[in-house]
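Each chain, letter by letter, is given below.
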Protein chains: 2
Amino acid sequence: MSYHGGEFDVIVIGAGHAGVEAGLASARMGANTLMLTLNLDAVAYMPCNPSVGGPAKGIVVREIDALGGEMARNIDKTHIQMRMLNTGKGPAVRALRAQADKFTYQHEMKQTIENTENLLLRQGMVEQLIVEDNKIRGVVTQTGAAYHAKSVIVTTGTYLRGKVILGDLAYESGPNNMKPSVNLSYHLQELGFEMVRFKTGTPPRVNGQTIDYEKTEIQPGDDIPRAFSYETTSFITDQLPCWLTYTNESTHELINGNLNRSPMYSGMIEGTGPRYCPSIEDKIVRFNDKPRHQIFLEPEGRNTQEVYVQGLSTSLPEDVQHEILKTIPGLENVRMMRPGYAIEYDAIVPTQLWPSLETKKIEGLFTAGQINGTSGYEEAAGQGLMAGINAARKVQNKEALILDRSEAYIGVLIDDLVTKGTNEPYRLLTSRAEYRLLLRHDNADLRLTEKGHNIGLIPDERYDAFVNKKAAIVAEIKRLEKTIIKADEEAKKVVEEAGSAPMKEAVSAAMLLKRPELTYDHVTRLAPATEKIDADVAEQVEIQIKYEGYISKQMEQVERLRKMENKKLPEDLDYMAINGIATEARQKLAEVRPLSIAQASRVSGVNPSDVSVLLVYMEQGQ
Amino acid sequence: MSYHGGEFDVIVIGAGHAGVEAGLASARMGANTLMLTLNLDAVAYMPCNPSVGGPAKGIVVREIDALGGEMARNIDKTHIQMRMLNTGKGPAVRALRAQADKFTYQHEMKQTIENTENLLLRQGMVEQLIVEDNKIRGVVTQTGAAYHAKSVIVTTGTYLRGKVILGDLAYESGPNNMKPSVNLSYHLQELGFEMVRFKTGTPPRVNGQTIDYEKTEIQPGDDIPRAFSYETTSFITDQLPCWLTYTNESTHELINGNLNRSPMYSGMIEGTGPRYCPSIEDKIVRFNDKPRHQIFLEPEGRNTQEVYVQGLSTSLPEDVQHEILKTIPGLENVRMMRPGYAIEYDAIVPTQLWPSLETKKIEGLFTAGQINGTSGYEEAAGQGLMAGINAARKVQNKEALILDRSEAYIGVLIDDLVTKGTNEPYRLLTSRAEYRLLLRHDNADLRLTEKGHNIGLIPDERYDAFVNKKAAIVAEIKRLEKTIIKADEEAKKVVEEAGSAPMKEAVSAAMLLKRPELTYDHVTRLAPATEKIDADVAEQVEIQIKYEGYISKQMEQVERLRKMENKKLPEDLDYMAINGIATEARQKLAEVRPLSIAQASRVSGVNPSDVSVLLVYMEQGQ
Ligand SMILES: Cc1cc2nc3c(=O)[nH]c(=O)nc-3n(C[C@H](O)[C@H](O)[C@H](O)COP(=O)(O)OP(=O)(O)OC[C@H]3O[C@@H](n4cnc5c(N)ncnc54)[C@H](O)[C@@H]3O)c2cc1C
Ligand SMILES: Cc1cc2nc3c(=O)[nH]c(=O)nc-3n(C[C@H](O)[C@H](O)[C@H](O)COP(=O)(O)OP(=O)(O)OC[C@H]3O[C@@H](n4cnc5c(N)ncnc54)[C@H](O)[C@@H]3O)c2cc1C
């Protein structure tokens, strides 16, 4: 029996990392939003590593923040450690990474949701979607509530027909013994969605009291206060260290000797795992010449002794897991608290989505997060935010917001998914972005705040500060370009101290800054600003001047691409009717239905010659 | 496939309120202890009201503390509000009650466990017990770990074949959508345990932001700092209020009109519910002349907007729950976050236990908590503590610690269970204790610290302080008995001010204190102590002097009873061979196998004449 549960603009199914961003964005944009989740005690739960950020992912977190999302603010409030990675390298690969207090992270996020206007968080299990004429109309829960809405976002993560596997044991389950979501998965299949079976895994957790830290290397957080969010002004100063240790020959022998008991090799696991997040047994098999692998020991929070053993993701039987731990320096006497395991789940084939994350099959139905074939909290959050934005804009009869590959890692991620699909859990890597030098950690605000403000997620006050910052950067660059520095004693001294080649003649301060050895600080000692320049303005000035050449080269490529992006293709183009396109390309194009010539060119199986035909066809007015 | 998981002295199955006390006590007594639980994120989880204490239950918490248990310390560290109930009434009914921060309560308890020596907390689902020759040998988990031990304590709460029910919906589940424990229940039945099916229920949770508190009455915490534990010295000062509102005619009409949809009346619920913790539909039906029922709105913690609607426990369908909430002042526009529900589960018939909580059938196997047919966190914790103590003592070849009915509410609870059994979830009430005036909130330490110290759970330092306190009480009573107060001006003034009848002649300070209107403070104004007397010593002195008459009368009764308690009965007495006992009594006695004449006399169906026969039989040396 079902009853009328209420009318909403947007319904979000799930309160994982995708769901919380989707719900918050939608509600903040004024859409009356309902968020349903299986267990209110596990909102924004981290079933795997207690950390946020890192290469590529960290930049996504900054992008989420620039667009008005929550992940950055939430981790700024709840981390136990924060580190900038690759500080010695160029700005394109720098990335912030935080260790989370897993429990506080959840509670903080839940509270933010509870305090958000237009947003109703409720425990409930969705079992069906209400669909009429291929349009979404609402959802029905296990308790019989029929909630109606114009847009629905599915963010069910690893719960769809979830199955936990370790050793020869397998049972239906969501992450960490939570309930799986079975009926909804069958229902999606009945609605005609093509699904795939993926799997991911997690390592054991151990009791920190039983670790011999003396045998490991300490990994402290940064001394410099850092934040993901551009809004954060107060910083957590008491950080906890992580610890580094390694596997060794004994570990590897043990694993090799037990491969026959691994469900991955016995054929018990059907789902495809993430190549870039391999289990330890995978690593041993695939890189069998490597004498050791890194193992990071990461506390799960301030008020717990549970420690996450990063690098040891496994679905080997529990007894083997005990033995493996014992072989690792520092863990000889460790007491395991939870075993590692693999989880198999259903995901939908993401080429069934438009770049807005709306499904092609059912209007108003969006999907985001792990259900779209990705893995990772940040990937989930980025998609959740975009789905939330676009679901709300759909209700408000506004055009979808689509980020392109040159604007954001989020753009790369979504374009990859909807254009190429994925045959394993997709993880964002810097190598997936062709414009890495543009998609930096430091300039996420410059790239996206404008858009965040336009859609109503960045408040005016923050936007005004942003506009001022942008102006200050421009002004300072101009000033340095105009200020001429003579090759006098003082200049020579600065240059020499920095270990740079002697100055021969007067040059602009900007020219001087281009020298690799010289920093903004050096140069402004010779050309001091009249007003105080903020550190983040200075950082931008330095990067923009130093890398001007590379950056403008990438910008030119982007411009060229943008022309192709602007050549739109109709959603309903009949590829079968276009002569001259190869059969495989034709089928792929008909499946993906790209929205631009540029997107068409990225569809796998589509060759440049096919693109040319398409171009001609479109230019001839079809 | 199973593997050898390790040797322990004691294994505790479950980390609910019974399990955590059992594990901590056992480990602290030096037994190498393993504690297994389904989900490490839900240690000491409160599936129902976020509160600890109250009438009878609050006294149990103090008793747990006096014996060296954890509940009191844990709630002292994590409450959001603390109140002494019935301060206007006599000392026997005073009781402390705290609102818990549900999440902090869990995390604090988990951390205490993680930091305890000899105690290993591990996630795992026990599916079988290892039994040889009717002796427990260990347990086997779902992941194939066979852990061996000399004692095993089962504390599985409401998880055994748990089934959530609301409206016409029913599904296998533990509390709040957690996994149920199915195989272990069948296994216990296979081992020959007689099981019963009980049920309990919980009310909806609502978002505090949507409550109109103006329409409710505020219930602040006490201004005076209070604590459950005798060890607590620092107090939480920023308390949160609760709020009081009421049901009304519309609520009652609505419920009456929907009784046909209630699973309790449709016959869908088979389990027996707790009479003293009725659902709202039960209250409406059973007390249908009552125009209104109290509803307390209790925050679930400091960092959440979830509010527990105490008094509205229900398994009515979700849509009816929404409607019910709307009828209540202050909740007209409330947003429900989780619906209420009932849960059915298997419990074992507790007459299958010795007073030590060891099962009669399998040596070394103990059970404690909701599995024994009780309901309530405190009842669970009290049993858990005793089972932990006795399991450890068993391993150490020491005699079981058994509290009698005059020593502790815990004694009353366990004696009731093992002697009388229960045909509904058993809840502790002050009316269950015949020596209420002895089993006070204020004297739990005097009653039990000695025992706690003897068994090794109360450290010497605390014990020494206790001995000093006891001496100070005795000395101060003596002093007041000896100090004569003349009927002079000053005395007359004090007596008159207190509104007591005029003094006619000189009396001892103790005699004066017996007057109902006079307090220890009044009397010591006239007979000041030479040294500073601690407030808790003063409290004891006052109570012991004031209620001396009643107390010594109860003590006499206790002495009489104790004689009967000291007349031991052998465990294996063949009741069938004793002539003159009525058939029903004989069967009951054979089932319960009481350990003393006193216990035999409390077995239901056993009459005084049967007891006389038994006495004669025993005195004649059988
Ligand atoms: C065991 C394990 C190991 C992992 N290992 C890694 C790793 O090594 N590296 C990595 O990057 N990522 C890993 N992940 C992935 C990471 O956890 C996810 O990518 C991320 O949590 C996905 O976020 P999400 O929001 O898509 O889904 P989730 O965080 O899973 O959230 C799903 C939400 O949907 C809700 N839900 C599900 N079904 C329903 C329904 N029918 N009705 C209502 N609500 C519903 C759930 O209650 C939950 O709130 C792992 C995940 C698991 C479980
Ligand atoms: C819905 C609901 C409503 C309630 N309402 C009330 C009320 O109104 N008033 C009241 O006084 N009390 C109420 N209670 C009861 C109260 O919650 C319990 O009395 C108390 O929690 C019991 O404590 P316990 O330790 O016995 O069991 P629990 O707290 O239930 O703990 C059981 C533990 O056992 C573990 N476990 C179970 N099976 C296994 C296994 N096979 N292997 C390993 N671990 C296992 C679980 O993970 C858990 O840690 C309610 C409970 C529920 C669920």
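What you see is a predicted model, and the numbers here were worked out from it, not measured in a lab. For every chain, the first residue of the written sequence is number 1, and numbering continues from 1 onward in sequence order. Following the order in which they are written, the chains are lettered starting with A and the ligands numbered starting with 1. The model is predicted, so local features are restricted to residues of pLDDT at least 70 and side-chain atom pairs to those at 80 or more, both for listing and for counting; the totals for chains, interfaces and linings are taken over all residues. For side-chain calculations, the full set of non-hydrogen atoms in the structure is used, while hydrogens and water are omitted.

(A) Spotlight on the site of ligand 2. Residue and element names in this part refer to chain B. Around ligand 2 sit 35 residues, and of these Ala18, Val126, Ser181, Gln370 and Gly376 come closest. Identification of polar contacts relies on pairs of N or O atoms within 3.5 Å, with a donor-acceptor requirement for protein atoms, meaning one able to donate a hydrogen and the other able to accept it, and with residues adjacent in sequence counted only if both atoms are side-chain atoms. Within the backbone of Leu38, an N or O atom sits 3.2 Å from an oxygen atom of ligand 2. In this structure, Thr200 approaches ligand 2 through a side-chain N or O atom, which is 3.2 Å from a nitrogen atom. Computed on the free molecule, ligand 2 has an accessible area of 990 Å², of which 96% lies beneath the protein chains in the complex. Comment: elements are numbered from the N terminus, with helices defined as DSSP H or I runs of at least four residues and strands as E runs of at least two. Ranked by the residues each element gives to the shell around ligand 2, the list is headed by strand E14 (residues 195–202), at three residues. Polar here means any residue outside two lists: the nonpolar Ala, Val, Leu, Ile, Met, Phe, Trp, Tyr, Cys and Pro, and the charged Asp, Glu, Lys and Arg; Gly therefore counts as polar. Considered class by class, the residues forming the shell around ligand 2 number 17 nonpolar, 17 polar and one charged. Put simply, a residue is near a molecule or strand once any heavy atom of it comes within 4 Å of that molecule or strand. The protein chains shown are the only cover counted for residues, whose accessible areas, like all others here, come from Shrake-Rupley with a 1.4 Å probe.

(B) Main features of the packing of aromatic side chains. Only the six-membered ring of Trp is used, alongside the rings of Phe and Tyr, when aromatic pairs are assigned; centres must lie within 6.5 Å, and planes under 30 degrees apart are stacked while those over 60 apart are edge-to-face, with the rest tilted. All chains considered together, the criterion is met by eight aromatic pairs over all chains. Judged by centre distance (6.0 Å) and plane angle (70°), the rings of Phe8 of chain A and Tyr147 of chain A are edge-to-face. On the criterion of sequence distance, the pair formed by Phe8 of chain A in strand E1 (residues 3–13) and Tyr147 of chain A in strand E9 (residues 145–154) is long-range, its members being 139 residues apart. The burial state of Phe8 of chain A is the same as that of Tyr147 of chain A; both residues are buried. Summarising the aromatic geometry, the rings of Tyr547 of chain B and Tyr550 of chain B are spaced 6.4 Å apart at their centres and angled 45° between planes, so their arrangement reads as tilted. Judged by its relative accessible area of 23%, Tyr547 of chain B is partly exposed. Burial classification: accessible surface area is computed with a 1.4 Å probe over protein chains only, and a residue below 20% of its type maximum counts as buried, one above 50% as exposed, and the rest as partly exposed. What makes Tyr550 of chain B exposed here is its relative accessible area of 55%. Our definition puts a charge over a ring when NZ of Lys or CZ of Arg is within 6 Å of the ring centre and also within 35 degrees of the ring normal. Directly above the ring of Trp354 of chain A sits Lys360 of chain A, whose terminal nitrogen or CZ lies 5.2 Å from the centroid. A cation over an aromatic ring shows up here: Arg292 of chain B above the ring of Tyr246 of chain B, its NZ or CZ 3.4 Å from the ring centre.

(C) Structural detail: the relation of the copies chain A and chain B. Each copy is superposed on the other by least squares, with the fit set by C-alpha atoms of residues at a pLDDT of at least 70 in both. Turning chain A through 180° and shifting it by 0.0 Å along the axis lays it on chain B, with an RMSD of 0.1 Å. The symmetry that links the two subunits is that of a two-fold axis. Considering only C-alpha atoms, the part of chain A nearest the rotation axis is Met178 of chain A, at 3.0 Å. Looking at chain A, 100% of its interface residues are interface residues in chain B too, so the copies touch through the same face. Note on definitions: a residue-residue contact is assigned when non-hydrogen atoms from the two residues lie within 4.5 Å.

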